[in-house]
Amino acid sequence: MVKLSGAILFAAFGALAHAQTQQELLRDGNGGSTDNVLTYGMGYHQQRYSPLKQINKNTVKRLVPVWSLSLANEVGEQGQPLVYNGVMYVSNVRQTVAIDIATGRQIWATPIEWDPAAARVVCCGLSNRGVALYDGKVFVASIDAHLKALDAKTGKQIWRTKVAEWKEGYSITSAPTVVNGVLITGMTGGEYGVRGFVAGYHPETGSQLWRRYTTAGPGEKGHETWPAGDAYLRGGGSTWITGSYDPDLDLTYWGTSNGGPWAATWRPGDNLWAASVLALRPKTGDIVWHYQWTPAETYDYDGNNENVLADIVVNGVKRKVLMHADRNGFLYVLDRTNGELLAGNPYVTVNWAERIDLATGRPVETEVAKRLRSGEKVELKPRWTGGKNWFPMVFNPNTGLLYLPMKEETAIYQIDKERPAYKPGERYMGVENTTAPRTPGAAWGYYAAVNPLTAKPKWRMPLIEFPMWSGMLTTAGGLVFSGKLTGEFIAIDEDTGKIVWQFQTSSGINAQPITYTHNGRQYVTVLSGLGGGTSAKRETAGKIQPGGSVWTFALLPD
């Protein structure tokens, strides 16, 4: 019999534990334990679909809050909780908190320390969209562009590493993710003339493994799409929404934001890889393919919205697809193996482009766009906040439909006559933009169920009082969950688009609900706490109180 040394046994056990943890991440949202929610998007595919149906159209009338916990935060909650072995992990810009699922009691809370001056370089609200879990650690980022690891049992910091310099306009508001053993983070700063990137780190030590810049530099493919000189160094392309992942293809998909400055007048060319999706190798950061949503992006149409992965039938053939509702107002379906465009259709009112040309993959711009690029002031649809902003849509594989929140707003937009001056850490935009007056009673947007290949709605629910900023959740119980800025947490009948249940939380909801089980009982959790961008604050000022909290719901006994 071969005897193993203690060191070898320890190494073998460590490798086994590591492999089991990775396997749990891979099974999340794919037949894994419904007791856990381990990834941003409730699965690497980011479908945000659950097979749970204990809470359904018939039983939802018995859905009640079972506990709520204050997060002592007044600047907004946009995070998605994660759940593992009966413990929930939530985060905002102030702290990361571990909560006992059974009781709602806090287990530990660890402050997220950052330089208060960094708040001035964070566009559109002080946000934190969540954490990552892996190998006994909780990973979280801060708005001063640091990444750190906490011990999942105690909340004590294990390591902390600087990702970028906040004084140059960088920050991080997204949840990190662990893909194929690599801890990956994006960043923000598209309004500040940063050079965007995605970066991979060693989850054990916090050491950087690779960095993939999203504005192509000298010697890189795509650099020819930038003007001569150093415009690419201030070219934007930030990566502020967590990427999805296909483990079979070993590709992770990250969207990129607007170019810098906003107006392409000052950076002539298509400007790869701004306003695009990149398919990357998680071990190296190498780009396998890309698709650019908005070439020569000049409208602030960030291409960061989630990339939802599914296998659907296209023209009689099952295809591996990536579905993306872009800020620019078009809903795209791509072949995720190679980036081939399969469909691109408007899902809200669009006046900057007539259509997406399936042969070239490029938008066919309208006279409105041409007038804007020539310096005229125009009314632009959709507004720079998009036909849909960061709040995630969902895909139900049973119905084959996407369920998404839509926005209908118009911008008054004009490119500045003079090139903006670049100063590190200051706004670098080069446009004037305001919001066109609204027609009284007109819808701010809709909750909708749409066909991904046509963007045609099965139903649309108009939102009249306020715009929406909450993500969605869909279940096998025939329900779609979301929240309103007025604080109602709602359940929608997936077939009719009618609200069948609602509960008033303590503040506005602009977060992402999840569902899971504990001791055989299905729970639904969402964060409440008004915050986010300027448009949400403008419309709710003096009407809705801030204040962050976690709300968890379950069924009363029959």
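In every chain, residue numbers begin from 1 and rise along the written sequence. In keeping with the predicted nature of the model, local features appear solely for residues at pLDDT of at least 70, side-chain atom pairs appear and are counted solely at 80 or more, and the whole-chain, interface and lining totals rest on all residues. As a convention, hydrogens and water are excluded, and side-chain values are obtained from all of the structure's heavy atoms.

**Q** I tried to follow the overall build of the protein on my own but got confused; where do I start?
**A** Counting from the N terminus, the helices are the DSSP runs of H or I reaching at least four residues and the strands are the DSSP runs of E reaching at least two. Of the regular secondary structure elements, the protein holds three helices and 38 strands. Against the 2.2 N^0.38 benchmark of 24 Å for 558 residues, the protein shows a C-alpha radius of gyration of 22 Å, consistent with a compact globule. Taking the principal axes of the C-alpha coordinates as reference, the protein spans close to 75 × 55 × 55 Å. Exposure classes here rest on a 1.4 Å probe applied to the protein chains alone. A residue is buried below 20% of its type maximum, exposed above 50%, and partly exposed in between. Here the protein holds 558 residues, and the buried ones make up 64% of them. The contact rule is simple, with two residues in contact once any of their heavy atoms fall within 4.5 Å. Nonlocal contacts in the protein, meaning residues at least 24 apart in sequence, comprise 60% of its contacts between residues at least 6 apart. Accessible area for the protein stands at about 20,300 Å²; split by element, carbon and sulfur atoms hold 51% of it. None of His or the chain ends enter the tally, which takes Lys and Arg as positive and Asp and Glu as negative. Here the site of a charge means NZ on Lys, CZ on Arg, CG on Asp, or CD on Glu. Within the protein, the 50 negative side-chain charges are centred at a point lying 2 Å from the centre of the 55 positive side-chain charges. Radius of gyration means the value over C-alpha atoms here, while the globule rule gives 2.2 Å times the residue count to the 0.38 power. For the area figures, the Shrake-Rupley method with a 1.4 Å probe applies, and any residue is considered shielded solely by the protein chains shown.

**Q** Help me understand the environment of Gly529 in this model?
**A** Following the sequence through the fold, Gly529 ends up in the loop between β37 (521-528) and α3 (534-540). When the C-alpha atoms of Gly529 and Ser506 are compared, they prove to be 7.5 Å apart, with 23 residues separating the residues in sequence.

**Q** Looking at this structure, I do not really get the sheet that holds strand β34 (residues 488-493). What am I missing?
**A** Strand pairs in the sheet, formed through backbone hydrogen bonds, run parallel or antiparallel to each other. As summarised here, the arrangement of the five strands in space is β1-β32-β33-β34-β35, forming an open sheet in which the pairing is mixed. With partners counted over all chains shown, the strands left at the sheet margins are β1 (49-50) and β35 (499-504), one partner each. Note that β1 and strand β32 (residues 473-475) share two bridges and pair parallel. Pairing of Ser50 across the sheet is with Thr475, part of β32. If DSSP finds at least two bridges between two strands, the strands pair.

**Q** What's the story with empty space enclosed by the protein in this structure? I'm lost.
**A** Any empty space left between atoms is shown by rolling a water-sized probe over those atoms. Of the two site types, the cavity is a set of points on a 1 Å grid over the protein atoms alone where a 1.4 Å probe fits but cannot get out, and the pocket is an open set with protein on both sides within 12 Å along at least five of seven lines, each lined by residues with an atom within 4 Å of a point. Grid points are joined across faces, edges and corners, and a volume is the space filled by probe spheres set on the points. Applying the stated criterion across every chain, the model contains two cavities of 30 Å³ or more. Taken as a whole, the largest cavity holds about 60 Å³ of empty space. Contributing to the lining of the largest cavity are Leu25, Leu38, Thr39, Tyr40, Tyr44, Leu82, Val131, Ala132, Leu133, Pro176, Thr177 and Val178. Elements represented by at least two residues in the lining of the largest cavity include exactly β7 (132-134) and β11 (177-179). Grouping the constituent residues of the lining of the largest cavity by class yields ten nonpolar, two polar and no charged. Considering only enclosed or pocket space, the second largest cavity measures out at about 30 Å³ in volume. When residues are sorted by character, Ala, Val, Leu, Ile, Met, Phe, Trp, Tyr, Cys and Pro go into the nonpolar class, Asp, Glu, Lys and Arg into the charged class, and all the rest, Gly among them, into the polar class. Across the lining of the second largest cavity, the residue classes tally to two nonpolar, seven polar and no charged.

**Q** Would you mind going over the sheet that holds strand β14 (residues 208-213) with me for this structure?
**A** Strand order across the open sheet formed by four strands is β11-β12-β13-β14, with antiparallel pairing between neighbours. Where the open sheet ends on each side, the last strands, each with one partner, are β11 and β14. Across the sheet, the axes of successive neighbouring strands diverge by a mean angle of 25 degrees, strand direction being ignored. All axes here are fitted lines through C-alpha atoms, helices being fitted over the stretch that makes contact, and every angle between N-to-C directions spans 0 to 180 degrees.

**Q** Would you take a moment to explain the environment of Ala353 for this structure?
**A** Here Ala353 is to be found in strand β23 (residues 353-356). Considering only alpha carbons, one finds Ala353 and Ser506, 153 residues apart in sequence, at a separation of 41 Å.

**Q** Explain the pairing of β23 here, please?
**A** Taken together, the three bridges between β23 and strand β24 (residues 363-365) define a ladder with antiparallel strand orientation. Paired with Ala353 across the bridge in β24 is Glu365. Where β23 folds back onto β24 in an antiparallel hairpin, the turn is made up of six residues, including Gly361, whose phi is positive at roughly 80 degrees.

**Q** Mind showing me how you'd approach the packing of aromatic side chains here?
**A** Note on aromatic pairs: each is described by the distance of the centres and the angle between the planes. In summary, the pairing rule links any two rings of Phe, Tyr or Trp, Trp by its six-membered ring, whose centres are within 6.5 Å, and it sorts them by plane angle into stacked for under 30 degrees, edge-to-face for over 60 and tilted for everything else. Under the defined criterion, the tally for this structure stands at 27 aromatic pairs. Ring geometry for Trp293 and Tyr332: centres 4.7 Å apart, planes at 50 degrees, overall tilted. Of this pair, Trp293 sits in the loop between β18 (287-292) and β19 (308-314) while Tyr332 sits in strand β21 (residues 330-335), placing them 39 residues apart in sequence. In this structure an aromatic cluster arises from ring pairing among Tyr291, Trp293, Tyr299, Tyr301, Phe330, Tyr332 and Trp352.

**Q** So what exactly am I meant to see when it comes to the nonpolar core here?
**A** For soluble globular proteins, nonpolar side chains are generally found buried alongside one another. In terms of nonpolar packing, the biggest core is built from 88 residues, with Met88, Tyr89 and Phe481 touching the most fellow members. Tallying contributions element by element places strand β38 (residues 549-555) first for this core, with five residues. With near-sequence residues (within four places) excluded, Met88 lies in contact with Trp67, Pro81, Leu82, Val83, Val97, Ala98, Ile99, Ile101, Tyr516, Thr525, Val550 and Thr552. Tyr332, Ile356, Tyr413 and Val431 belong to the second-largest nonpolar core, a separate cluster that totals 33 residues. Throughout, nonpolar core names a set of buried Ala, Val, Leu, Ile, Met, Phe, Trp, Tyr and Cys residues whose side chains join them through atoms within 4.5 Å.

**Q** I'm lost on the side chain of Arg62 in this one. Help?
**A** Examined against the element boundaries, Arg62 turns out to sit in the loop between β1 and β2 (63-70). Every case where a carboxyl oxygen of Asp or Glu lies within 4 Å of a side-chain nitrogen of Lys or Arg is listed as a salt bridge. Within the buried core, Arg62 has no salt-bridge partner, and the shortest N-O distance to an opposite charge, that of Asp558, equals 4.1 Å. Residues adjacent in sequence count toward polar contacts only when both atoms are side-chain atoms; beyond that, a polar contact is any pair of N or O atoms within 3.5 Å, and within protein one must be able to donate a hydrogen and the other to accept it. Separated by 2.3 Å, the side chain of Arg62 and the backbone oxygen of Leu556 make a polar contact. Here Arg62 is in contact with Ala554, Leu555, Leu556, Pro557 and Asp558, once residues within four sequence places are set aside.

**Q** What am I meant to see in the pattern of salt bridges here?
**A** Note that side chains of opposite charge can pair when their charged atoms are close. For the structure shown, the criterion picks out 24 salt bridges. Here Lys57 and Asp495 are joined by a salt bridge, their closest N and O atoms 2.5 Å apart. Taken together, the residues Lys57 in the loop between β1 and β2 and Asp495 in the loop between β34 and β35 connect sequence positions 438 residues apart. The partly exposed category is assigned to Lys57, whose relative accessible area is 32%. Here Arg212 and Asp286 are joined by a salt bridge, their closest N and O atoms 3.9 Å apart.

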